[in-house]
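Secondary and tertiary structure notes
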Number of protein chains: 2
Amino acid sequence: MKRTIHLLVALLLCGQCLLAQEYTSRTLSLMPWPQEVHKAPGKLVIDSSFSVSVSSKKGRVYQKAVNLIRSITDRTGVFVNRGFPRIQQSSTVTIQFDEVAVLGEKIDESYELSVSTAGAIIKAKTDVGALHGMETLLQLLQFDEHSFYIPGIRIKDAPRFAWRGLMIDVARHFQPMAVLKRNLRAMAALKMNVFHWHLSDDQGFRVASKVFPKLQELASDGQYYTQREVKELVAYAGSLGIRVVPEIDVPGHATAILTAYPEYGSKKGESYTIERYAGVFDPTLNPANPEVYSFLATLFKEVSSLFPDPYFHIGGDENEGKHWDQNVEIQQLKKKHGWTTNHEVQTYFNIQLEAILKSYGKKLMGWDEIMTKDMPTSAIIHSWRGRNEGFPNGTLIEAVKKGYQVVLSNDYYIDRMQSVLHHRKFDPLKNGALTAAQEALVLGGEVTMWSELVTPLTIDSRIWPRTAGIAELFWSKAEVVDDPNFISRLKTMDLYLDQMGITHRKNKDQILRNITKSSTVASVQLLTEYFEPLKIYERNKDGVEYKSFSPFTLFADACTADAYGALELNTLIDEYLKFGKERTKKEIIAILKRWQRGYQAFKSLAPNPNLVCLTEHYKAMALIGERLEKALSNTVALRDDVALRTTIKKLETPLVDTEFMVLPSLKRLFGHLGVALAEGGKKS
Amino acid sequence: MKRTIHLLVALLLCGQCLLAQEYTSRTLSLMPWPQEVHKAPGKLVIDSSFSVSVSSKKGRVYQKAVNLIRSITDRTGVFVNRGFPRIQQSSTVTIQFDEVAVLGEKIDESYELSVSTAGAIIKAKTDVGALHGMETLLQLLQFDEHSFYIPGIRIKDAPRFAWRGLMIDVARHFQPMAVLKRNLRAMAALKMNVFHWHLSDDQGFRVASKVFPKLQELASDGQYYTQREVKELVAYAGSLGIRVVPEIDVPGHATAILTAYPEYGSKKGESYTIERYAGVFDPTLNPANPEVYSFLATLFKEVSSLFPDPYFHIGGDENEGKHWDQNVEIQQLKKKHGWTTNHEVQTYFNIQLEAILKSYGKKLMGWDEIMTKDMPTSAIIHSWRGRNEGFPNGTLIEAVKKGYQVVLSNDYYIDRMQSVLHHRKFDPLKNGALTAAQEALVLGGEVTMWSELVTPLTIDSRIWPRTAGIAELFWSKAEVVDDPNFISRLKTMDLYLDQMGITHRKNKDQILRNITKSSTVASVQLLTEYFEPLKIYERNKDGVEYKSFSPFTLFADACTADAYGALELNTLIDEYLKFGKERTKKEIIAILKRWQRGYQAFKSLAPNPNLVCLTEHYKAMALIGERLEKALSNTVALRDDVALRTTIKKLETPLVDTEFMVLPSLKRLFGHLGVALAEGGKKS
């Protein structure tokens, strides 16, 4: 029913294109969904004669063509005769582009792709457009029992937004080069084009400075990027068509900077140390100290010179100014200028940074706190605050109305561990009625991966596959959010990312082996199908539980948002309650039996403290499973008794920082079976 | 029975120490097994007060102490209060060392470790010895349902051999820095101390030269290490107490070098191209051309300057001299010197390299072909040839008798995909009766990982866990090979390596998901429990099947040596035929039932060409399973019929480059059940 409604809505919105889309999004798992998709006759079968030709060795296409051949052979097992691309020779796949794009400003990213039995042709104005076409081709790979092939198709495609970003916070937990590189490859596969590198925060300063070496020596625990590594990453991203925007967060989130250079702090004589907890902290640069500006001018000159991109992010968020209120110089400065709020002080601070950056040919970008009176509209506003920060409509509309260019990140905070379906509800342009001129100021969106609870072991599982579903918002037509086949496409993308070397699946298994101290993880794996990490910062509430060196190899770290088991069961119960089909009931019963078998297997594992803490919830899940299964199979009617109530109470409580995602559905099923239970438990 | 015999032999050999060893190797999974292990009272429980203190921040210990704390918290889930080591303060773990070792020559690697309820103390003369003690401490972590702890113990330990090496061939398939670094960490965990870096071969030249840039520009497909990366890896290895010995293979295996600089080849006017196949090829440097020596002198000067180690490996193997025979200058050279063989030519060549390297303060090391008349005994012989190369007793004895220092690699060729139990049969000193003086010339052993069929995706599963079992030969007492608990210790080490981030397990699952195009891999996983890759170069026979860019994501790449399922079933059938216990029979029946269920599950997977090719063998396995299961449970007597014979014939044939490892045992079981089958099938 829900699906049907979606489909109708979709058809109403845009019959023609969505007919095409609907027609193929069942069979093709493209993501982001292209602007125009048309079926064409025939199919291109992959065999040993598979070959690739590029129109020029210049630019980004040749290396990507090598990788395309490797990807096709790795995924099909076909032994190709030609392991390297040819230049302008007739081949199975022909790639043509006119010019090599210079990243940094809006460029032509469009491409056309056509596939027939004879071969595939990709045409693009720029090499970056051609890269997108190649990613689409790779996603088109299909199979049957006889062969792997690419179906006949005609695609015309171009992005909806110019800014399709992912921010990674490498300050709270350092992320090695290899982690960043593989995530850049995944970004490219999803046609994302901006990597926002959050390089400094209270917990660490991560880029080496030659002018201020104490920054990495005293404020990084030895975990930082050398300038050569920064250049290497920028070049690597560039080869994938991805821009890199650095962020040095000031004047707040500056504990690391002040650990190295306390003299620039707002609290006289204070000695600072690297922050180990998560939260908002007081150490702040001193806006009344002229040396702070020469320090930043020198530092920004050095750091910004490593990045060809015109944008430079100064952070500017979450400065509560406590240390400012205690600082005499700053009070005098306020009096002198007749300022009443610290916002005015921060504007004074930001405006000077804006001038400094402009002198280096850089545009200042900052979190939306920088949008204060007198802030020049040349600054780019990074809109992050929303409902939870007291801005019911977010800050984007205010920004564009004031004439600022905006990048939207509010509602794309994936560290909140919410469902991708939640994030997909928020279209960068749907936040309110905007004029065409105002819409033009919305550059696009950016997914933010804050890393207080995220390590190299788990970061991929926090970013992917959810970010694929959000990236689609940034590239495809707005109506794509109504695609009823989205979850099935996401599951395909999930496996595709796994095949690319993204570690969301394989590191999960590693964590489960570590928890069970065995290779027999199926029973705990089953548990992770129905439990998800606590959401919206309920895990590590107020930042008091986890330090940066606490273990992140726990059950909650093996669990993810959008647990497929929960999605499946919730849907099945929905359908069963609506249509009461016998087949649906059988499927539900099968799952409930699996819970009981899972608990039996779980009990046979050698107990250790990290398993013991799971026992009570697993037992409760198995009990509920048994009661419901018997009731559904009409062997024993469901009775509302103390045992049932206690079991449910247990499942309403968090399980080591995770929550049981099917309780509301189960309760509705109880109701259907004659046991009415007061609503409760977390909403999914 | 076999185990009992082992135990008896062991006891006879060395009652005292093995009593101790036997006493604890059941309960402790240390590898390599220390020289002296004594139980002590109490146990050190890991809780939030866990802390580490080091005697000095100098040298290698401090950083390792940080990693030790991370490893303990990650594996226990305990939230410790102190995330970083202290200096000379009372702590749970106290680490003391007298001096910072300089790698490159024989150094003191001994340590003492004692653990009691009060804490753990590690004492060593050098920081490298302390590192070994810390690795042992990490391996001692135990658990019960209440806590994680380290048992009371007293250990005195030191290596048996000074050279405990692993060679990785990065020429046939390039291995990125991250792959090498994680394998170096695993080497350190096994107390290995020499990384032999095979940097050049016919298929690629992998280190950047500033003097001869064409080497990386024309002969690496863009896959090479910059000089900064080489220095970074050498420093990283050094921080782990591991030396790095580079190899530039000459005069043969030189196709890559000659692709860049054909003028130094033995064939006039020949234009060479990077080799894509595996094997022994003809392109060879020209020993009669004086410019070849100045080229090598310059290249070796540049490359050797990147490596502090005194050893420099020149290869020198498998030169058949075909191009030499066709070269007039070389014929004249032979005539002039009155040489009759190409060996004499190669000696002439090697002797000049020896002098060149000596002038740079380097010792020449080469594969055992360099051991020709007139070769100075200052050269180190790398003994690799054995039975299969026409040297029934290997070349080690001949070398030490001639007075050369030797490193043994024959019998440690893990690319032959044989069982670790095979490799463990070969003690570096057991190859023949040697005098004490001769034994002193045996520096140790080196495991060789040739990479014709090995990519970054699979290399960990080829090296580990087998290399752990071989590393034990290099460190522990010779009698350790008799330990009946070895396989169970190996399985623990297998999981420990997985927790360290070694990818042998997780990449296997990735390959299986790629083959099945699904997340439901259990049925194919089951198959990999009984099939192993073809051994001793039967896969890619004569190097004609696989090119370097062929897919290595196939079923054979998911399979490994020492398939645990096969090991288990072979042992069970052994025991059943010997003792006929009912319990053993039940376990066998359970396995045979699993085969049948596995095949059913397999059939429900969406077929693709890489699954279809597995069907017939899986079907045969399920059929045999059914027949045997029924016979063992006395439901249907086993009859010798055509169906059975055909099924067995099928299982005797390779399955896409793998073989069925339990057929000989099954045949013995057939015999026991009244069906005598002519022996056949591969030996396991």
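Keep in mind that this is a model prediction, so the values were computed, not measured.

1. Some remarks on the side chain of histidine 504 of chain B
All names here are of chain B. Following the sequence through the fold, histidine 504 ends up in the loop between α18 (486–500) and α19 (506–516). Residue class for histidine 504 comes out buried when judged on its relative accessible area of 6%. Looking at histidine 504, its side chain comes within polar contact range of the side chain of aspartate 494, at 2.8 Å.

2. Considerations on the relation of the copies chain A and chain B
Superposing chain A onto chain B takes a rotation of 180 degrees plus a shift of 0.0 Å along the axis, which leaves an RMSD of 0.0 Å. The transformation relating the two chain copies, once decomposed into turn and shift, fits a two-fold axis. Among all residues of chain A, the minimum C-alpha distance to the rotation axis is found for lysine 506 of chain A, at 2.6 Å. The overlap is high: 100% of the interface residues of chain A also sit at the interface in chain B, so the same surface is used on both sides.

3. Section: the domain arrangement of chain A
Buried accessible area, meaning the area lost when the parts come together, often serves as the stated size of an interface. All names here are of chain A. Domains assigned within chain A are domain 1 (31–157), domain 2 (165–363 + 373–483) and domain 3 (507–672). For domain 2 versus domain 3, the distance between C-alpha centres works out to 37 Å. Residue-level contacts link 22 residues of domain 2 with 26 residues of domain 3. Taking both partners together, domain 2 and domain 3 bury about 2000 Å²; carbon and sulfur atoms supply 57% of that area. Counting the contacts that link domain 2 with domain 3 gives zero salt bridges. At the junction of domain 2 with domain 3, the criterion picks out ten residue pairs in polar contact (both at pLDDT 80 or more).

4. Comments concerning the nonpolar core
Within the largest apolar cluster, 138 residues are counted, with the highest numbers of intra-cluster contacts made by Trp197 and Ile248 of chain B. When residues of this core are assigned to domains, at least three map to each of domain 1 (31–157) and domain 2 (165–363 + 373–483) of chain B. If near-sequence neighbours (up to four positions away) are discounted, isoleucine 248 of chain B is found in contact with Leu199, Ser200, Phe205, Val207, Ile257, Leu299, Phe300, Val303, Phe312, His313, Ile314 and Gly315 of chain B. Counting residues in hydrophobic clusters, the runner-up holds 137 residues, among them Ala219, Ala297, Leu299 and Met449 of chain A.

Reading the values: the criteria
- Residues numbered from 1 in each chain as written.
- Chains lettered and ligands numbered in written order.
- Predicted model: local features only at pLDDT ≥ 70, side-chain atom pairs only at ≥ 80, totals over all residues.
- Heavy atoms only, no water.
- Helix = DSSP H or I, 4+ residues; strand = E, 2+ residues; numbered from the N terminus.
- Buried < 20%, exposed > 50% of the residue type's maximum accessible area, 1.4 Å probe, protein only.
- Polar contact = N/O pair within 3.5 Å; in protein donor to acceptor, adjacent residues only side chain to side chain.
- Least-squares fit on C-alpha atoms with pLDDT ≥ 70 in both.
- Contact = heavy atoms within 4.5 Å.
- Domains from an automatic or database assignment.
- Buried area = accessible area lost by both parts, 1.4 Å probe.
- Salt bridge = Lys/Arg side-chain N within 4 Å of Asp/Glu carboxyl O.
- Core = buried A, V, L, I, M, F, W, Y, C linked by side-chain atoms within 4.5 Å.

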